[in-house]
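Structural features, examined
The chain contents come next:
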Amino acid sequence: MKRKIGLSLLFILVNLVLGAISFNEYLKIKDRISNVELDQKALVGSTQRMYDIEFKNWETAHEKTVSKLLKILGVDGAYDFNNTLVDKNSLNKFFNYRTYVKTDLLLENPEGIKRINPHAPSKVKKGGESPAIVIGKYVLMASHVNDAENFSKEIIRIPLQGGVLEAHIELKVLEYKVVVLLPNGKDLALKEVYRNREKDFSLFEMPVPQKDLNFPFKIGDTSQIKVGHFVYLNGRPSQTLYEIARSGFITALLSAGQKDGTLKEDSNEFSISQSTDNGDSGSPVIGFRDGKPELIGIYLGWVGDSYDNGKNTRSRAIKINVVIDEVKKNLGIDLRELQRKILFST
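Description of the structure in this document.

Rules of the game
Residues numbered from 1 in each chain as written. Predicted model: local features only at pLDDT ≥ 70, side-chain atom pairs only at ≥ 80, totals over all residues. Heavy atoms only, no water. Helix = DSSP H or I, 4+ residues; strand = E, 2+ residues; numbered from the N terminus. Contact = heavy atoms within 4.5 Å. Core = buried A, V, L, I, M, F, W, Y, C linked by side-chain atoms within 4.5 Å. Buried < 20%, exposed > 50% of the residue type's maximum accessible area, 1.4 Å probe, protein only. Salt bridge = Lys/Arg side-chain N within 4 Å of Asp/Glu carboxyl O. Arc of directions from axis to C-beta. Polar contact = N/O pair within 3.5 Å; in protein donor to acceptor, adjacent residues only side chain to side chain. Pairing = 2+ DSSP bridges. Phe/Tyr/Trp six-rings, centres within 6.5 Å; stacked < 30°, edge-to-face > 60°. Lys NZ or Arg CZ within 6 Å of the ring centre and 35° of its normal. Axes fitted to C-alpha atoms, helices over the stretch in contact; angles between N-to-C directions.

Structurally, the position occupied by T222 is in the loop between β11 (218-219) and β12 (230-235). With near-sequence residues (within four places) excluded, T222 lies in contact with I296, K319, I320 and N321.

Formed by 44 residues in total, the largest nonpolar core has its most connected members in V139 and L335. Sorting elements by how many residues they give to this core places helix α5 (residues 320-331) first, with five residues. Setting aside anything within four residues of it in sequence, one finds V139 in contact with V101, A132, I133, V134, L190, S202, L203, F204 and M206. Counting twelve residues, the second largest nonpolar core, distinct from the first, contains I225, I272, V285 and A317.

Mapped onto the elements, F230 comes out in strand β12. For F230, the residues in contact, after removing those within four places along its chain, are D80, F81, N82, N83, V86, S247, G248, F249, I286, G287 and F288.

A full pass over the atoms with the stated rule returns 16 salt bridges. With a closest N to O distance of 2.8 Å, K126 and E154 form a salt bridge. A residue pair is termed long-range when its members are at least 10 positions apart, and K126 in strand β2 (residues 123-131) and E154 in strand β5 (residues 153-160) qualify at 28 residues. A relative accessible area of 25% means that E154 is categorised as partly exposed.

Time to look at helix α6 (residues 335-345). Three or more residues of α6 are buried, namely L335, Q339 and I342. Buried residues of α6, viewed axially, fall in a sector of 60 degrees; they line one side. Opposite the buried face of α6, at more than 90 degrees from it, the exposed residues are F344 and S345. Where α6 is buried, its residues contact β3 (133-135), β4 (138-141), β10 (201-205), β11 and α5. Two or three places before R336, at the start of α6, stands the capping residue D334, its side-chain oxygen 3.3 Å from that residue's backbone nitrogen.

Among the eleven residues that make up strand β18 (residues 292-302), ten are buried, leaving the element largely enclosed by the rest of the structure. Bridging between β11 and β18 involves two bridges; their strand directions are parallel. Following the sheet pairing, I219 is matched in β18 by L295. Here six bridges tie strand β17 (residues 284-289) to β18, and the two strands are oriented antiparallel to one another. What sits directly across from R289, in β18, is K292.

The subject of this paragraph is the packing of aromatic side chains. Scanning the model with the defined rule gives nine aromatic pairs in all. Consider the rings of F230 and F249, whose centres lie 5.7 Å apart with planes at 70 degrees: the pair is edge-to-face. Note that F230 is positioned in strand β12 and F249 in strand β13 (residues 244-252), a separation of 19 residues in sequence. You can call F249 partly exposed: its relative accessible area is 37%. Grouping aromatic residues by their ring pairs yields a cluster made of F94, F95, F230, Y232, F249 and F288. Above the face of the Y100 ring, R236 is positioned so that its terminal group lies 4.0 Å from the ring centre.

Counting through the fold element by element, S152 comes out in helix α4 (residues 148-152). Among all residues touching S152, those that are not within four sequence positions of it are L107, I169, E170, L171 and V173.

On to the sheet that holds strand β7 (residues 172-181). What links the strands of a sheet is backbone hydrogen bonding, and the strands pair in either a parallel or an antiparallel sense. Reading across the sheet, the four strands line up as β2-β1-β7-β8 and stay open at both edges, with antiparallel pairing between neighbours. The open sheet terminates on both sides in strands that have one partner only, identified here as β2 and β8 (187-189). Here the strands of the sheet are splayed against their neighbours by 25 degrees on average, with no regard to which way each runs. Here β7 runs beside β8; their pairing, made up of three bridges, is antiparallel. Bridged to V179 within β8 is A189.

Here you go:
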């Protein structure tokens with residue numbers, strides 16, 4: 001009996017020793033596994049750090065390369081000096097923008113003219129079509145193309161024995177109507193809301209906006225234009241039945257010409273190199289900012305004699321900032337913001 005108990009105790013003791021040994025081995029194995037896992041995590045972390053460094057270096061090199069390429073191409077947020085970045089679709093959209101306003105007047109000759117020339121008609125019709133720029137329900141134009149006061153003034157030449165007498169006369173305005181021509185062949189009467197004869201621009205209002213007539217590009221900032229910037233003008237000279245697009249450059253940040261024997265400079269305008277003609281007045285002039293068109297001016301005429309039309313390269317346009325700022329100041333209408341909202345919603 002004692003022997004059996006002794007054997008049992010020995011068996012239990014042996015099991016305890018073996019169990020302790022197994023537990024110690026288990027702990028060692030667990031430590032080795034933990035160490036392997038830590039090594040793996042360290043390796044992964046090191047690899048990730050190396051990858052992050054390499055990617056950052058590649059990203060920096062890529063940004064530098066892109067920056068150099070953009071600089072070479074002229075992408076700098078400023079207006080362009082050439083047509084390298086000009087988008088063909090945007091250019092075609094500008095070429096296809098055709099909005100015209102028709103002005104009709106019925107005038108009456110003074111009685112004195114009838115006495116001098118019995119064959120002179122008692123009533124005279126005047127008017128014509130001219131380009132315009134639509135922003136919402138507002139229509140921007142050159143002033144002289146729709147000004148009743150301008151149309152009513154005439155110079156008549158009376159032959160005398162010793163030469164020719166020039167007389168300035170003013171006809172009486174009997175009827176005056178300005179309409180915008182719609183794509184469907186109809187027209188819409190316009191209401192005059194502002195005119196500056198000295199700066200030569202006018203603003204009219206439509207009863208309701210005409211989406212199809214709206215100018216397709218944002219209004220630019222002429223405080224940022226420079227001599228040499230690339231520009232486009234698209235108008236319809238009086239000698240043609242269709243639009244003629246003309247590229248050119250800004251030649252001066254003002255216009256200058258002789259008037260009454262003295263040199264007159266106008267900083268409200270800028271000069272462009274395009275050759276222009278009668279019928280172009282009111283045409284939009286666009287510049288390009290990183291290839292994207294922006295309205296920077298309204299064509300007004302040229303510097304020089306009237307018979308220089310079509311042969312000159314001293315054309316002039318009013319700076320769009322002058323128009324936008326004056327309309328906002330005097331009427332409280334922010335055409336720039338209005339155009340921004342229209343373009344954003346389309």
